[in-house]
Amino acid sequence: MSAPSITLADLESDPDPILAEMRRSRPVVFVEALDMWLVTRWDDVAEMESKPDVFSAATNPSFLARALGQNMLTTDPPEHTRLQGLFRPVFQPGGRSGDFASGELVALADEILGGLDPAGFDVMSDFAQPLAAASLATVLGLDHHGFDRMWAWCEGLCADIANFENDPELTELGRVAKQELGEAIAERIALAGAQGDADDSGIGLFVRSGATPEEIVNNVRLMISGGINEPRDGIGLVTWVLLDRPDLRARVAEDPPKLKRLVEEVFRVFSPVGTVTRQATEDVELGGVVIPSGSLVAGVLRSVNLDESHWTRPNEIDLDRREGAHAAFALGTHRCLGEWLGRQVVRVGVERLFERFPDLAMVPGAPVVLHGFEFRGPRSIQVSTGP
Ligand code: HEM
């Protein structure tokens, strides 16, 4: 069964009605414009994610391997398990990320906020973007490059990762970012080698974990492609929801720990990462449809997070929801490595923003527009800070 008329542009501008219709009538469907199958119901994506031998991350062709080089997200167990073991400790609460979140994060957010124009600014480009870039750069030990450079690398890599239609301009953007970043990481690896145990940066710890330089370069590219864009969109989405929904803002103001629940609900309802892409290693039946061996198959996280057969009133942001974990950080073997760090950056960033500017409001006549399918978030959020 195929969906000939759906284009990438349709999915990028307003995916939810298309995905809702797919869940209803064609939950596993081939989309010609993407040259891949989309899987839109929770149970089918959970099944996909539980079978890495049948739905392999080592896809061919691979947008990810092209944009970043082979990395943990382009491998299957047992190689994937080995790579995750090398890189995971830095991103756990007891690792470098934990020290960052309890030590430097608040000061970093306050420093960026201190430099903003109190007459008004754009939450995305002036706050969320630099905070997300500077946070990951600090954890990894790449902060000397400045957050603008980090952001440019992230943007270049993401443009090529989401380049489903093989636009040559996007491929070139990705190629330049891949090369420049590769050189910057290689330099940092050399420095870590010279500093030995004195280097407590993420890259220093990767070197001492026994990862090879190539493994470090490619996996740090992966971290930068996902670990900046996503917390940025998370900060933007949570801020926008608080500005747009006085009821939720009042609820969080009365009971600040509820911000954690809000962050989870916003990740669920808006899913900044659209899909997990795999390749069928054999003819396989999923949701009553046979997917031929060799097909690319995308489990649509954005769709499963709104699946009516899994969630009660899925489109509603419910701070008291108790229906288990959402899928915004994925469900299976490749579940996000940086989810703990990402959550801290989003929550602390939003907390500091509203602490600093308690009267923050959206500028009338500047509506917030979400854009993107593989990566989706607000393009800009223009705000004023005073009554
Ligand atoms: C806060 C928002 C974030 C969201 C919504 C998010 C989402 C995701 C998703 C959906 C995946 C699975 C991709 C797939 O299976 O194809 C993933 C994997 C990954 N994420 Fe994140 N991410 C976030 C933050 C971060 C951060 C801060 C880092 C920093 C290192 C990071 C690094 C990674 C890595 C390395 C993987 C690959 C894991 C593997 O292959 O085992 N992410 N992320």
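Our subject is the structure that appears above.
Residues numbered from 1 in each chain as written. Predicted model: local features only at pLDDT ≥ 70, side-chain atom pairs only at ≥ 80, totals over all residues.

Student: Would you take a moment to explain the site of the ligand for this structure?
Tutor: Around the ligand sit 27 residues in total, of which G227, E230, C336, G338 and G342 are the nearest. Contributions of two or more residues to the shell around the ligand are made by α12 (213–227), α13 (229–244) and α17 (339–356). Here the residues of the shell around the ligand sort into 18 nonpolar, 7 polar and 2 charged. (Near = placed C-beta within 6 Å. Helix = DSSP H or I, 4+ residues; strand = E, 2+ residues; numbered from the N terminus. Nonpolar A, V, L, I, M, F, W, Y, C, P; charged D, E, K, R; others polar.)

Student: Where do I start with the pairing of strand β1 (residues 28–31) in this structure?
Tutor: The two faces of a sheet get side chains in turn, since along a regular strand they alternate between them. The pairing of β1 with strand β2 (residues 36–39) spans 4 bridges and is classified as antiparallel. Across the sheet, F30 pairs through a bridge with W37, a residue of β2. Between β1 and β2, which pair antiparallel and follow one another directly, the connecting turn spans 4 residues, one of which, D35, has a positive phi of 55°. (Pairing = 2+ DSSP bridges.)

Student: Got a minute to help me understand the sheet that holds strand β4 (residues 121–122) in this structure?
Tutor: Paired through backbone hydrogen bonds, the strands of a sheet run either parallel or antiparallel to each other. With respect to topology, 3 strands assemble into an open sheet ordered β4-β12-β9, the strand pairing being antiparallel. The outermost strands of the open sheet, each flanked by one partner alone, are β4 and β9 (361–362). Sheet topology note: the β4/strand β12 (residues 382–384) ladder contains 2 bridges and is antiparallel. Within β12, the position partnered with F121 by the bridge is V383.

Student: Mind showing me how you'd approach the nonpolar core here?
Tutor: Side chains of nonpolar character tend, in soluble globular proteins, to be buried together. Membership of the largest hydrophobic core comes to 114 residues, with the highest contact counts inside it found for V39, L131, A133, M150, I224 and V238. Of all the elements, helix α8 (residues 123–140) adds the most residues to this core, at 12 residues. (Core = buried A, V, L, I, M, F, W, Y, C linked by C-beta atoms within 7 Å. Buried ≥ 20, exposed ≤ 12 C-beta atoms within 10 Å, placed from the backbone.)

Student: Can you help me understand the packing of helix α15 (residues 258–270) against α17 in this one?
Tutor: Angle between the axes and distance between the axes: these two values describe a pair of packed helices. Taken N-terminus to C-terminus, the directions of α15 and α17 make an angle of 120°; their axes are 10 Å apart at the nearest point. When the interaxial angle is binned, α15 and α17 end up oblique. Considering the relative orientation of α15 and α17, their crossing is right-handed. Packed against α15, whose contacting residues are L259, K260 and V263, the element α17 presents R343, V346, R347, V350 and E351 at the interface. Looking at the contact of α15 with α17, its residues break down into 4 nonpolar, no polar and 4 charged. (Axes fitted to C-alpha atoms, helices over the stretch in contact; angles between N-to-C directions. Parallel < 35°, antiparallel > 145°, perpendicular 65-115°, else oblique. Left-handed = near helix turned anticlockwise from the far one by under 90°. Contact = placed C-beta atoms within 7 Å.)

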